[in-house]
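Structural overview
Here are the chains, one letter per residue:
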Amino acid sequence: MARPRKPLLSRDRIVETAGALVDAEGLGALSTRRLAAELGVSGPSLYNHFRTKDEILDAVADAVSAKIDLSMFAADDDRDWLTALRDWAVSYRAALADHPHIVPVLAQGPGRRPAGLRVADAVFGAMVRAGWPPAQATSIGALMRYFVTGSALGSFARGFVDDETAYDPADYPHLGQAHRLAEHRQKVDEGAFDTGLRALLDGLRLQYEAQRLPPGTPAPDSSAAGAADRPTM
């Protein structure tokens, strides 16, 4: 009887296993020795596909970037640029929320990673098509990355312990309910993301409208201008 064959070692299998290890135990758990053991192969065999552990982490990060929806930036998509940015930010955060331990790698930028570069290219191209000057389109891409990756790096609510004696009113008169934040983590964190995204997009909308006004025309008032077409959160 023929011996059962081990699954062939492939780049995709290495990335999938490394990603699962990082998801379960964090970046510190990943080493070439540990990864080889998980795959049931010898350590040197990994080097037929990746030269270093950092290359493996790059590939894991890029696999997460590939999950981000970019359909809203297609030239034939009928969403306006504000709605497109909002929908993309929501998809972006969801992808990162599913893989929080890889966020520090993603936060460093796309480097040479293909999927990450496709994300950057799609955002920049869509903003330029919408009428933003290239320099501002670059800033918008950077701003959105700062905001989304920052929101995914950690939970605000979990930053407080659930012990009500930890926040003595004599020392912290406004934190009497802070011990309850962790209990409502999802609501608090998602509410903060939605609030921040709304404020960010409202600010971009005002800048966009102001740069299209004839010289000497007053800028739109932030409390009223464009209220009807603000994206729904």
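An account of the accompanying structure is given in this report. (Residues numbered from 1 in each chain as written. Predicted model: local features only at pLDDT ≥ 70, side-chain atom pairs only at ≥ 80, totals over all residues. Heavy atoms only, no water.)

Points about the overall build of the chain
If you tally the helices and strands in the chain, you get eight helices and zero strands. Listing each helix as α and each strand as β along the chain from the N terminus yields α-α-α-α-α-α-α-α. Across the 233 residues in the chain, those meeting the buried criterion constitute 33%. Put simply, 67% of the contacts in the chain that link residues at least 6 apart link residues at least 24 apart. In the structure as shown, the chain presents an accessible area of about 13800 Å², 54% of it carried by carbon and sulfur atoms. (Helix = DSSP H or I, 4+ residues; strand = E, 2+ residues; numbered from the N terminus. Buried < 20%, exposed > 50% of the residue type's maximum accessible area, 1.4 Å probe, protein only. Contact = heavy atoms within 4.5 Å. Areas by Shrake-Rupley, 256 points an atom, 1.4 Å probe, with all protein chains shown as cover.)

Notes on the packing of aromatic side chains
Aromatic rings considered in pairs are described by the distance between their centres and by the relative angle of their planes. Summed over all chains, the structure comprises eight aromatic pairs. Taken together, a centroid distance of 5.4 Å and an interplanar angle of 85 degrees make the contact between Trp81 and Trp132 edge-to-face. In this pair, Trp81 sits in helix H4 (residues 81-97) while Trp132 sits in the loop between helix H6 (114-130) and helix H7 (134-153), placing the two residues 51 residues apart along the sequence. Summarising the aromatic geometry, the rings of Phe156 and Phe160 are spaced 5.4 Å apart at their centres and angled 65 degrees between planes, so their arrangement reads as edge-to-face. Through a chain of ring-to-ring contacts, three or more aromatic side chains come together here, namely Phe73, Trp88 and Tyr92. (Phe/Tyr/Trp six-rings, centres within 6.5 Å; stacked < 30°, edge-to-face > 60°.)

Some details on the nonpolar core
Most often, soluble globular proteins keep nonpolar side chains buried together rather than apart. One finds Phe73, Leu85, Trp88 and Met127 to be the most contacted residues of the largest nonpolar core, which totals 52 residues. At the level of secondary structure, the elements contributing two or more residues to this core comprise helix H1 (11-25), helix H2 (32-39), helix H3 (53-65), H4, helix H5 (103-106), H6, H7 and helix H8 (185-210). Tallying contributions element by element places H4 first for this core, with nine residues. Discounting residues that sit within four places of it in the chain, Trp88 has contacts with Ile68, Asp69, Leu70, Met72, Phe73, Val119, Val123 and Met144. (Core = buried A, V, L, I, M, F, W, Y, C linked by side-chain atoms within 4.5 Å.)

Digging into the pattern of salt bridges
For the coordinates displayed, the defined rule picks out eight salt bridges. For Glu55, the salt bridge goes to Arg51, with nearest N and O atoms at 2.7 Å. Judged by its relative accessible area of 24%, Glu55 is partly exposed. The shortest N-O distance in the salt bridge between Asp58 and Arg113 comes to 2.8 Å. Of this pair, Asp58 sits in helix H3 while Arg113 sits in the loop between H5 and H6, placing them 55 residues apart in sequence. (Salt bridge = Lys/Arg side-chain N within 4 Å of Asp/Glu carboxyl O.)

Focus on a negative patch on the surface
Residues Asp162, Asp163, Glu164 and Glu183 make up a contiguous surface patch of negative charge. Here Asp163 shows up in the loop between H7 and H8. Residue Asp163 is classed as partly exposed on the basis of its relative accessible area of 36%. (Patch = residues over 30% accessible without salt bridge, like charges linked within 9 Å, V, L, I, M, F, W, Y side chains within 5 Å. Lys, Arg positive; Asp, Glu negative; His and termini not counted. Charge placed at Lys NZ, Arg CZ, Asp CG, Glu CD.)

Side note on the packing of H4 against H8
For the pair H4 and H8, interaxial distance at closest approach is 11 Å and the crossing angle is 150 degrees. One way to sum up the angle between H4 and H8 is to call them roughly antiparallel. For the pair H4 and H8, the crossing hand works out as right-handed. Along its contact with H4, which presents Trp81, Leu82, Leu85, Arg86, Ala89, Val90 and Arg93, the element H8 presents Asp189, Glu190, Phe193, Leu197, Leu201, Leu204, Arg205 and Tyr208. The residue makeup of the contact of H4 with H8, split by class, is 10 nonpolar, no polar and five charged. (Axes fitted to C-alpha atoms, helices over the stretch in contact; angles between N-to-C directions. Parallel < 35°, antiparallel > 145°, perpendicular 65-115°, else oblique. Left-handed = near helix turned anticlockwise from the far one by under 90°. Nonpolar A, V, L, I, M, F, W, Y, C, P; charged D, E, K, R; others polar.)

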